[in-house]
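# Structural features, examined
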Amino acid sequence: MSASIPEFYRDRSVFLTGASGFLGKQILEKLLRSCNVRCVYVLVRQKRGKTSEERKELLLKSEIFADVKMVNPNFGSKIKLISGEMTSPEMGLTEEDKEQLRKEVSVVIHSAASVNFTEKLKDAVSINVIALQHMIRLSKSFPKLESFVHISTAYVHCYKDYIPEAIVKPNHDPNTIIDLVLKESEQRLEELTPKLMHPWPNTYTFSKCLAEWLLHEEADDFPCCIMRPAVIGAAAEEPRRGWVDNFNAASGMMAGVAGGLLNPVYGDPDIVADVVPVDLCANITIALGWSTAVTKPATVPVYNFTSNKLNPLTWGEFEYWLIAYFNRCPLNANTGMTKIVVAKNRFRQVLLDYGVNRVKVIIFDLMLRMSGKKPRLLQLHKKAMKGANVLEYFITHQWSFETENVTSFYEKLNAEDRKNFNFDIKQVNWEEYMVHYCKGIKQYAMKEDFKNISQKRKLQRRYSYLC
């Protein structure tokens, strides 16, 4: 392949959606730190009472940008916010903004999505399918466009045991579903949803499958590819080990278990967890933007980015390191010792999580209120339960993913690009990774310090005796 990844991106303008999300922030930070881009156009929703500069300041307050800020204090000048609404015709962009994008943009990274597994069908299709359609049509008007990277999910065909690196036709035409959600009432759509999305387990995976087929149908003479990550976890290496800023999926479950709020989670400890670090996801995404432009594929290539058979980590091993870390370094907000995480006994899980644990957090919140502190454990328990419920389908099923495209792509990179844009999942040491992931949950997601750890361990043991 010609040129290196940084050389390709030098002085280019990139259009990025989903920059306020977990993966989107990581992609943005990496583009600014390692690619010397001219500009990154970031699509944001309009908000009353806040200017674009105020919204940019809020975005750049994230700790992920701390390192790039030290190297270049003015790095924010390379970010230009574009106000719009992805689900609106022409994305709600002004003529001035559209003209600016047409003049400048040569790479599009579409990371925006609803990752809410319990989203209503109308909302899931609007955000994950209709918005993609608008993005494709807008991007086709960019004269300089050389690549379009669409972020999908490895579980797009999760009702099957084997998931190839190929786009599979869904049971319904995407445009038929789009027409349906635009015309039918909310009540009618709720009635139709189970039948429409069968055999998919949720509206998220169903809508992402529709989106892939839509891209396939509209990809004529359109330089694009699809990156499918599995369960995205904390950063493995950069810019900071263990960086995670949300409680989605695995991270929410981890926080709940760490605080003694979840015990157990229903699942199978022998199943592969398929966690992939967010920094590796960002690296392969940026690398694919380059390779798509260079190779100009005739069809839409698909890349299953999973750890499944390349470097497996089971939920049982995940559980072991989670317990080991948080019993040594407890959260400030904890209600007892961190115990078993993944168990196959459904009755025990329901009894403990919805009975004993719920009563326990209510009692602790009352104690906090009586001592003049703000009660927060019940809300944390609800968030943890939501994360656990979202993960349940994926902790009870095992898949085999084709990963030949990812493997061969990595092997084609030169030594410098492999070093600077590493996405070799085989290099991840899961023991080290889990320690930093747990630390990141405490430091970045929970925003807790590491002072008086021995005292917190004593309190943790005391709470365990009480409950």
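Predicted model only: the values in this text are computed from it and were never measured. (Residues numbered from 1 in each chain as written. Predicted model: local features only at pLDDT ≥ 70, side-chain atom pairs only at ≥ 80, totals over all residues. Heavy atoms only, no water.)

### Details of the UniProt feature "domain: Fatty acyl-CoA reductase C-terminal" (unreviewed entry) in the protein chain
Taking the numbering used here, the UniProt-annotated feature "domain: Fatty acyl-CoA reductase C-terminal" (unreviewed entry) corresponds to residues 360–448. Note that residues 360–448 is 69% helix and 2% strand, and that its end C-alpha atoms are spaced 22 Å apart. (UniProt positions renumbered as here; feature names shortened; annotations may be inferred. Helix = DSSP H or I, 4+ residues; strand = E, 2+ residues; numbered from the N terminus.)

### A look at the sheet that holds strand β5 (residues 147–151)
Backbone-to-backbone hydrogen bonds pair the strands of a sheet. The strands run either parallel or antiparallel. Spatially, seven strands are ordered β3-β2-β1-β4-β5-β7-β11 in an open sheet, and the strand pairing comes out parallel. Edge strands, defined here as strands with exactly one partner in the open sheet, are β3 (79–83) and β11 (302–305). Pairwise comparison of adjacent strand axes, ignoring direction, gives a mean angle of 20° for this sheet. Bridging between strand β1 (residues 13–17) and strand β4 (residues 105–110) involves five bridges; their strand directions are parallel. When the sheet's bridge partners are listed, Thr17 is paired in β4 with His110. Across the sheet, helix α9 (residues 203–217) touches β5 and β7 (224–229), and the angle it forms with β7 is around 160°. (Pairing = 2+ DSSP bridges. Axes fitted to C-alpha atoms, helices over the stretch in contact; angles between N-to-C directions. Contact = heavy atoms within 4.5 Å.)

### Considerations on empty space enclosed by the protein
Regions of empty space are outlined by a rolling probe, equal in size to a water molecule, passed over the atoms. Evaluated as defined, the whole model comprises three cavities of 30 Å³ or more. One number sums up the size of the largest cavity: a volume of about 60 Å³. In terms of lining, the largest cavity is formed by Phe247, Gly252, Ala255, Gly256, Leu261, Leu331, Ala333, Leu380, Lys383, Ala384 and Met446. Only α10 (249–258) and α14 (377–395) provide two or more residues apiece to the lining of the largest cavity. (1 Å grid on protein atoms, 1.4 Å probe; cavity = no way out; pocket = protein on both sides within 12 Å on 5 of 7 lines; lining within 4 Å. Points joined across faces, edges and corners; volume = space filled by probe spheres on them.)

### Here's the deal with the pattern of salt bridges
This structure, assessed with the given rule, holds 20 salt bridges. Residue Asp245 is joined to Lys25 by a salt bridge in which the shortest nitrogen-to-oxygen separation is 2.8 Å. A residue pair is termed long-range when its members are at least 10 positions apart, and Asp245 in the loop between β8 (231–233) and α10 and Lys25 in helix α2 (residues 22–34) qualify at 220 residues. Looking at Asp245, the relative accessible area reads 29%, which means it is partly exposed. Salt-bridge contacts for Arg102 lead to Glu99; the nearest nitrogen and oxygen are separated by 4.0 Å. Residue Arg102 and its partner Glu99 are located together in helix α5 (residues 95–104), separated by three residues, close to a single helical turn. Shared partners join several salt bridges into a network, and the residues in it are Glu29, Lys30, Arg33 and Glu238. (Salt bridge = Lys/Arg side-chain N within 4 Å of Asp/Glu carboxyl O. Buried < 20%, exposed > 50% of the residue type's maximum accessible area, 1.4 Å probe, protein only.)

### Comments concerning helix α13 (residues 346–370)
Given a rise of 1.5 Å per residue, 25 residues ought to cover 36 Å, and the 35 Å separating the end C-alpha atoms of α13 matches this to within 8%. Its maximal kink placed at Leu352, α13 deviates by approximately 35°. Taken as a whole, α13 has its buried residues at Gln349, Leu352, Asp353, Asn357, Lys360, Val361, Phe364 and Asp365. (Expected span 1.5 Å × (residues − 1). Bend = angle between axes of the 7 residues up to and from the residue.)

### So, the nonpolar core
In terms of nonpolar packing, the biggest core is built from 111 residues, with Tyr9, Leu28, Leu31 and Phe423 touching the most fellow members. With 10 residues, helix α11 (residues 278–295) is the largest single contributor of residues to this core. Setting aside residues no more than four positions away along its own chain, Leu31 makes contact with Tyr9, Val14, Asn36, Val37, Val40, Ile109 and Ile286. Of all hydrophobic cores here, the second largest spans 47 residues; its members include Val108, Leu138, Ile177 and Leu210. (Core = buried A, V, L, I, M, F, W, Y, C linked by side-chain atoms within 4.5 Å.)

### Quick word on α2
Here α2 is 13 residues long and its end C-alpha atoms lie 18 Å apart, about the 18 Å a rise of 1.5 Å per residue gives. Burial runs high along α2: 11 of the 13 residues are buried. Asn36 lies just past α2 and shows a positive phi near 50°.

### Considerations on the packing of α10 against α14
Between α10 and α14, the shortest axis-to-axis distance is 8 Å and the interhelical angle comes to 125°. In terms of their interaxial angle, α10 and α14 are classed as oblique. Between α10 and α14 lies a crossing of left-handed hand. On α14, the residues that touch Ala249, Ala250, Gly252, Met253 and Gly256 of α10 are Ala384, Gly387, Leu391 and Ile395. For the contact of α10 with α14, the per-class residue count stands at six nonpolar, three polar and no charged. (Parallel < 35°, antiparallel > 145°, perpendicular 65-115°, else oblique. Left-handed = near helix turned anticlockwise from the far one by under 90°. Nonpolar A, V, L, I, M, F, W, Y, C, P; charged D, E, K, R; others polar.)

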